[in-house]
Amino acid sequence: CLKNHYPSNPAQLRKKFSFDWYVFKIAGSIEDEKESEIRSQMRTEVSEFVGEYVTSMRNETIKFCELMTARINGHPYGDESKSKKLTPRSIVCFRKYIDRFQQMNIFGDGEIEKMLTEFRETFLDSGVSPKDFESATISSSITKALESIRQKASLEGEDGSKFIGELKRHVVL
């Protein structure tokens, strides 16, 4: 049945179809010394990444706390020339920041996540509006809560290094 579809001459068939064979030699496993060197290099790079990631997440948390404190207390933030008011949209953004922190917290910065979650549950539930923050006692409570989160996030020195060091030791290659 193929005679009608293909030429009977083998030379013409070879022009239309070809098969190539490639042979690869796979060397034995990497020498122990080389493997050890690669693992060591990877550990160093991953450790640096962990430190940078956690530091970046904590710096974002500090900025979040400072921005929200400024909005609650009616102060300018950063290089703003005049203060901006707290709006329903900014409250939604603050809620989203906390949700994003929880999603991005891949290295388990549990203390900061717990503090942010408690803050959200206490002060940023779905029914809250900017008018709810006008009370001096509420704005004072919020400011204190944000300051404690900010202080925890800005841990430097021995405590901060100890926390990041613990995270680095959890990474197994």
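To start, this report covers the structure provided alongside it.

Thresholds applied
Residues numbered from 1 in each chain as written. Predicted model: local features only at pLDDT ≥ 70, side-chain atom pairs only at ≥ 80, totals over all residues. Heavy atoms only, no water. Helix = DSSP H or I, 4+ residues; strand = E, 2+ residues; numbered from the N terminus. Buried < 20%, exposed > 50% of the residue type's maximum accessible area, 1.4 Å probe, protein only. Contact = heavy atoms within 4.5 Å. Areas by Shrake-Rupley, 256 points an atom, 1.4 Å probe, with all protein chains shown as cover. Axes fitted to C-alpha atoms, helices over the stretch in contact; angles between N-to-C directions. Parallel < 35°, antiparallel > 145°, perpendicular 65-115°, else oblique. Left-handed = near helix turned anticlockwise from the far one by under 90°. Nonpolar A, V, L, I, M, F, W, Y, C, P; charged D, E, K, R; others polar. Phe/Tyr/Trp six-rings, centres within 6.5 Å; stacked < 30°, edge-to-face > 60°. Polar contact = N/O pair within 3.5 Å; in protein donor to acceptor, adjacent residues only side chain to side chain. Expected span 1.5 Å × (residues − 1). Core = buried A, V, L, I, M, F, W, Y, C linked by side-chain atoms within 4.5 Å. Salt bridge = Lys/Arg side-chain N within 4 Å of Asp/Glu carboxyl O.

Observations concerning the overall build of the protein
Okay, so step 1: From N to C terminus, the protein includes six helices and zero strands.
Okay, so step 2: Each helix (α) and strand (β) of the protein, taken in turn from the N terminus, gives the series α-α-α-α-α-α.
Okay, so step 3: The buried share among the 173 residues of the protein stands at 25%.
Okay, so step 4: Expressed as a percentage of contacts within the protein between residues at least 6 apart in sequence, the contacts between residues at least 24 apart total 69%.
Okay, so step 5: Per element, the accessible surface of the protein, about 13,000 Å² overall, is 53% carbon and sulfur.

Describing the packing of helix α2 (residues 32–73) against helix α4 (residues 110–123)
Okay, so step 1: Two numbers describe how α2 lies on α4: the axes approach to 12 Å, and their chain directions differ by 25°. Between α2 and α4, the angle falls in the class roughly parallel. Crossing handedness for the pair α2 and α4: left-handed. Between α2 and α4, the residues in contact are Arg-58, Thr-61, Phe-64 and Met-68 and Ile-112, Leu-116 and Phe-119, respectively.
Okay, so step 2: Partitioning the contact of α2 with α4 into residue classes produces five nonpolar, one polar and one charged.

Focus on the packing of aromatic side chains
Okay, so step 1: Counting across every chain of the model gives seven aromatic pairs.
Okay, so step 2: For the pair Phe-49 and Tyr-53, a centre-to-centre distance of 5.7 Å together with 45° between the ring planes defines the contact as tilted. With Phe-49 and Tyr-53 both in helix α2 and four residues apart, the pair spans about one turn of that helix.
Okay, so step 3: On the basis of relative accessibility, which here comes to 43%, the residue Phe-49 falls in the partly exposed class.
Okay, so step 4: Taking relative accessible area as the criterion, Tyr-53 reaches 17% and is therefore assigned buried.
Okay, so step 5: Considering the side-chain rings of Phe-119 and Phe-123, the 5.2 Å spacing of their centres and the 45° angle between planes classify their relative orientation as tilted. Taken as a pair, Phe-119 and Phe-123 lie in helix α4 at a separation of four residues, close to a single helical turn. In this structure, Phe-119 and Phe-123 share a single accessibility class: buried.

Considering the side chain of Ser-139
Okay, so step 1: With respect to the helices, strands and loops of the structure, Ser-139 is situated in helix α5 (residues 136–153).
Okay, so step 2: On the basis of relative accessible area, Ser-139 is assigned to the buried category, the value being 12%.
Okay, so step 3: A polar contact of 3.1 Å, which involves the side chain of Ser-139, links it to the backbone oxygen of Ala-136.

A word on α2
Okay, so step 1: Between its first and last C-alpha, α2 extends 61 Å over 42 residues, near the 62 Å set by a 1.5 Å rise per residue.
Okay, so step 2: Downstream of α2 by a residue or two, Gly-74 has a phi angle that is positive, lying close to 70°.

Details of the nonpolar core
As a rule of thumb, soluble globular proteins bury nonpolar side chains together.
Okay, so step 1: Counting residues in hydrophobic clusters, the biggest one holds 24 residues, and the most contacted among them are Phe-64, Met-68, Leu-116, Phe-119, Leu-124 and Phe-133.
Okay, so step 2: Elements with a contribution of two residues or more to this core: α2, α3 (88–104), α4 and α5.
Okay, so step 3: The biggest single contributor to this core is α2, with seven residues.
Okay, so step 4: Setting aside residues up to four positions removed in sequence, Leu-124 forms contacts with Met-68, Ile-91, Phe-94, Arg-95, Ile-98, Phe-119 and Phe-133.

What about the pattern of salt bridges?
Okay, so step 1: Under the defined criterion, the tally for this structure stands at seven salt bridges.
Okay, so step 2: When the shortest N-O distance is used, the salt bridge between Glu-80 and Arg-71 registers 2.8 Å.
Okay, so step 3: Using a relative accessible area of 11% as the deciding quantity, one classes Arg-71 as buried.
Okay, so step 4: For Glu-80, the salt bridge identified is with Lys-84, shortest N-O distance 3.9 Å.

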